[in-house]
Amino acid sequence: MKRVAIIGSTGSIGKNTLEVIKELGDYEVYALISGNNIPLLLRQAQEFNPEYVGSVFSDNEKRLNELVKNRWKTLIGIEGCNELAISEEVDILVIASKGTLTFEPLIKALRCGKRVATANKETIVAYAPILKSILPAIQGELIPIDSEHSGIYQSLLGAERSNISKIILPASGGPFYKRESFEGISPEEALEHPNWKMGSKVTIDSATLMNKGFEVIEASVLFGLSSDEIEVVIHPQSIVHGMVLYKDGSVISQLSKPDMRIPIRFALTAPEHRGSAFDPLDISEVKTLTFYKVDENKFPLLSLAYYALKEGGTLPAVLAASDEVAVNAFLEGKIGFIRLMDIVIEVTQSHSPVKEPEIKDIIEAEEWAIFRSKELIG
Ligand code: MG
């Protein structure tokens, strides 16, 4: 039995992780940590009976303890997550929560030699320069749940770094890659992702291609690649999830249906491909696979992410924090779709980055980006 602790169990990735654990059979849930959705957390706890339940937010402590009534042990805040990260009882830490709060448990678990399966790209993006400097010497395994990075991870198994020419990240293009003008796009339209069913933040990020920009930075951290070794193509069918071009001319890629349970399961069982597909891909039904270059004028946030990656320092953190604020304002109807992109560009370009940041510099940069974005939203 492998024991799994899930931070962010009540979100879309968390729920899918529990489904996968149920199907695999030889993995058990050791801890379930939610954000604010305590009612769902308790329902999950009843079904999976973990040792611990908890919330990443300290202000849920009283409410949680009242509701749990000693049925489970509780853990609160990032301190609680840190306990799980270093606990000998935990084999795999799944990070499926939003925001950049989970940097500490991520690092602590890796330093203890654990496997960390992460779906949280904000933390990897914001802390990119710090992670890049410490990951090569770290003991644990950091395995991506993000479908593209899982595809690339799988396509890189057994590879020599010196034989890799570049990696290609496919982007579905979201709902608007064919649309001529971005005027008047409503949150409802932007939330209609053609292929993937995901949380609202990442769905909007897919519509602006900001998500793909974050994934470029994420890939650079995870695979130790420079910005010119990472290419993005539009691939509307979302069947090919990652490609690696080797110097000998071979391209190795991973294909599957767009189903997050596949990368989640691989992150738990890697390097094995265990379990059985919920709905396997019938390759003869795949009539066409198409790939297009990205129109950078239409999707300026992708180029902005390359800029943030090249400049480095605190810029990726500013990019991610500003986008978070702007996406929320768009979802609340405070700003339009074009304004969302403009605010992220303006905030990121006006930031003077700290070149070799420490944790406190990243936090300060995020705070600045949040303040400045809100100011621009008005
Ligand atoms: Mg992705």
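Residues numbered from 1 in each chain as written. Predicted model: local features only at pLDDT ≥ 70, side-chain atom pairs only at ≥ 80, totals over all residues. Heavy atoms only, no water.

K.L.:
Could you give an account of the domain arrangement of the chain, with specific residues and numbers?
P.N.:
Split by domain assignment, the chain resolves into domain 1 (2-144) and domain 2 (161-257 + 298-377). The C-alpha centroid of domain 2 is placed 24 Å from the C-alpha centroid of domain 1. Of the roughly 1700 Å² buried where domain 1 meets domain 2, counting both sides, 71% is carbon and sulfur surface. In this structure, the connection of domain 1 to domain 2 is made through one salt bridge. (Domains from an automatic or database assignment. Buried area = accessible area lost by both parts, 1.4 Å probe. Salt bridge = Lys/Arg side-chain N within 4 Å of Asp/Glu carboxyl O.)

K.L.:
Could you give an account of the packing of aromatic side chains, with specific residues and numbers?
P.N.:
Throughout the structure, instances matching the rule amount to nine aromatic pairs. Centre to centre, the rings of Phe 182 and Phe 337 are 5.5 Å apart; their planes meet at 90 degrees, and the pair counts as edge-to-face. Linking Phe 182 in the loop between strand E8 (164-171) and helix H9 (187-190) with Phe 337 in helix H15 (residues 337-349), this pair joins segments that are 155 residues apart in sequence. Each of the two residues, Phe 182 as well as Phe 337, counts as buried. One aromatic cluster is present, built from ring pairs that chain together Phe 176, Phe 182, Phe 299, Phe 330 and Phe 337. (Phe/Tyr/Trp six-rings, centres within 6.5 Å; stacked < 30°, edge-to-face > 60°. Helix = DSSP H or I, 4+ residues; strand = E, 2+ residues; numbered from the N terminus. Buried < 20%, exposed > 50% of the residue type's maximum accessible area, 1.4 Å probe, protein only.)

K.L.:
I'd like a rundown of the coordination of the magnesium ion, residues and numbers included.
P.N.:
Between any two of four tetrahedral donors, the ideal angle at the metal is 109.5 degrees; between two of six octahedral donors, it is 90 or 180 degrees. Taken together, Asp 146 (OD), Glu 148 (OE) and Glu 215 (OE) make up the full set of protein donors to the magnesium ion, lying 2.1 Å away. Along the chain, the residues donating to the magnesium ion fall in the pattern D-x1-E-x66-E. One end of the pair, Glu 148, is in helix H8 (residues 147-155); the other, Glu 215, is in helix H11 (residues 210-223), with 67 residues separating them in the sequence. For Glu 215, a relative accessible area of 1% puts it in the buried group. (Donors = N, O, S within 2.8 Å, 3.2 Å for Na, K, Ca; no water.)

K.L.:
I'd like to hear about the pattern of salt bridges, residue by residue, with values.
P.N.:
Evaluation of the coordinates by the stated rule reveals 25 salt bridges. For Arg 3, the salt bridge identified is with Asp 91, shortest N-O distance 3.8 Å. Here Arg 3 is found in strand E1 (residues 2-7), whereas its partner Asp 91 is found in the loop between helix H4 (77-86) and strand E5 (92-95), with 88 residues between them in sequence. The closest approach of N and O atoms between Glu 148 and Lys 212, which form a salt bridge, is 2.7 Å. One end of the pair, Glu 148, is in helix H8; the other, Lys 212, is in helix H11, and 64 residues separate them in sequence.

K.L.:
Tell me about the packing of helix H2 (residues 38-48) against helix H3 (residues 61-68), and name the residues and values.
P.N.:
At a minimum axis distance of 11 Å, the contact between H2 and H3 shows a crossing angle of 35 degrees. The element H2 and its partner H3 pack so that their crossing is right-handed. Every residue of H3 that contacts H2 at Ile 38, Pro 39, Leu 41 and Leu 42 is listed here: Arg 63, Leu 64, Leu 67 and Val 68. Of the residues belonging to the contact of H2 with H3, the class tally is seven nonpolar, no polar and one charged. (Axes fitted to C-alpha atoms, helices over the stretch in contact; angles between N-to-C directions. Left-handed = near helix turned anticlockwise from the far one by under 90°. Contact = heavy atoms within 4.5 Å. Nonpolar A, V, L, I, M, F, W, Y, C, P; charged D, E, K, R; others polar.)

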